[in-house]
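Examining the three-dimensional arrangement
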Amino acid sequence: NAGVMQNPRHLVRRRGQEARLRCSPMKGHSHVYWYRQLPEEGLKFMVYLQKENIIDESGMPKERFSAEFPKEGPSILRIQQVVRGDSAAYFCASSRRQGSGYTEAFFGQGTRLTVV
Amino acid sequence: GESVGLHLPTLSVQEGDNSIINCAYSNSASDYFIWYKQESGKGPQFIIDIRSNMDKRQGQRVTVLLNKTVKHLSLQIAATQPGDSAVYFCAENINEKLTFGTGTRLTIIP
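A short tour of the structure in this document, coming up.

Reading the values: rules and limits
- Residues numbered from 1 in each chain as written.
- Chains lettered and ligands numbered in written order.
- Predicted model: local features only at pLDDT ≥ 70, side-chain atom pairs only at ≥ 80, totals over all residues.
- Heavy atoms only, no water.
- Phe/Tyr/Trp six-rings, centres within 6.5 Å; stacked < 30°, edge-to-face > 60°.
- Helix = DSSP H or I, 4+ residues; strand = E, 2+ residues; numbered from the N terminus.
- Buried < 20%, exposed > 50% of the residue type's maximum accessible area, 1.4 Å probe, protein only.
- Salt bridge = Lys/Arg side-chain N within 4 Å of Asp/Glu carboxyl O.
- Pairing = 2+ DSSP bridges.
- Contact = heavy atoms within 4.5 Å.
- Buried area = accessible area lost by both parts, 1.4 Å probe.
- Polar contact = N/O pair within 3.5 Å; in protein donor to acceptor, adjacent residues only side chain to side chain.
- Nonpolar A, V, L, I, M, F, W, Y, C, P; charged D, E, K, R; others polar.

Some words on the packing of aromatic side chains
- One pass over the structure, following the stated rule, counts 11 aromatic pairs over all chains.
- Their ring planes at 90 degrees and their centres at 5.2 Å tell us that Phe107(A) and Tyr36(B) sit as a pair that is edge-to-face. Here Phe107(A), found in strand β10 (residues 106-107), pairs with Tyr36(B), found in strand β4 (residues 32-38), and the two come from separate chains.
- The exposure class assigned to Tyr36(B) is buried, which follows from its relative accessible area of 0%.

Below, the structure is given as structure tokens:
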């Protein structure tokens, strides 16, 4: 059973370009979370999605950032018109609904975005 | 700001000794907590979790203690090994959203 797969592992974009980060959850997982991490800092929640639904996007910047989790295919985090401040590691986690409501989330290896 | 914080940003422990990493949280509604280990260049790795109706849970070489009265969480690692060197995060789960603290870097002294 493959873990959470993120690609690409490293992404370099020039200022003003678009960055697309992909996350394939673990098999059987229908919940996806995106987090952002700056060097030597913790993980900041961005968005929580279920298939075809955004459940909580309270951590997403209002502009330039969007996320989707279609019925088929991976979850996509899109950053338009990237700026140097977008440089960070972006982690995806997935989980499945459990009867108790508690969900153990597993993380991918992250995508390291560098804006030059 | 973050509702989950850590008392110490760095911790150095002699190999073979026990390690204790602390975490404070502020949201009384938090009902589920997870400890993660993150090695350099990798994603966070699940270590152990605990629900709010428990005050202790043990795994292999790790124990998590939860004190809801003072909103405090700790991770104990027995017989610390070089492979335990990493940054450790506690996270609280509210409505299926994980909120992370800043992290504690654990360094093992040979």
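Here we look at the pattern of salt bridges
- Evaluated as defined, the whole model comprises six salt bridges over all chains.
- Between Glu39(B) and Lys42(B) there is a salt bridge, with the nearest N and O atoms lying 3.9 Å from each other.
- Owing to a relative accessible area of 28%, Glu39(B) belongs among the partly exposed residues under this scheme.
- Residue classification places Lys42(B) among the partly exposed positions, given a relative accessible area of 41%.
- Because the salt bridges share partners, they merge into one network encompassing Glu18(A), Arg20(A) and Arg78(A).

So, the pairing of strand β5 (residues 45-51) of chain B
Residues and elements named next belong to chain B.
- Inspection of the sheet shows β4 paired to β5 by six bridges, in the antiparallel sense. Each residue of the ladder has a partner; that of Lys-37, found in β5, is Gln-45.
- In textbook terms, the turn of a hairpin is the stretch between consecutive antiparallel strands, and for β4 and β5 this stretch comprises six residues, one of which, Gly-41, has a positive phi near 80 degrees.

So, the interface of chain B and chain A
- Contact with chain B, which involves 23 residues of that partner, is made by 26 residues of chain A.
- Both sides together, the interface formed by chain B and chain A hides about 1,900 Å², and carbon and sulfur atoms give 49% of it.
- The interface formed by chain B and chain A contains zero salt bridges.
- In this assembly, chain B and chain A are joined by six residue pairs in polar contact (both at pLDDT 80 or more).
- Of all elements in the fold, only β4, β5, β9 (86-94) and β10 (97-100) of chain B reach the threshold of two or more residues within the side of chain B that touches chain A.
- Among the elements that make up the side of chain B that touches chain A, the one with the highest residue count is β4(B) (four residues).
- Each residue belonging to the side of chain B that touches chain A can be placed in one class, and the counts come to eight nonpolar, seven polar and eight charged.

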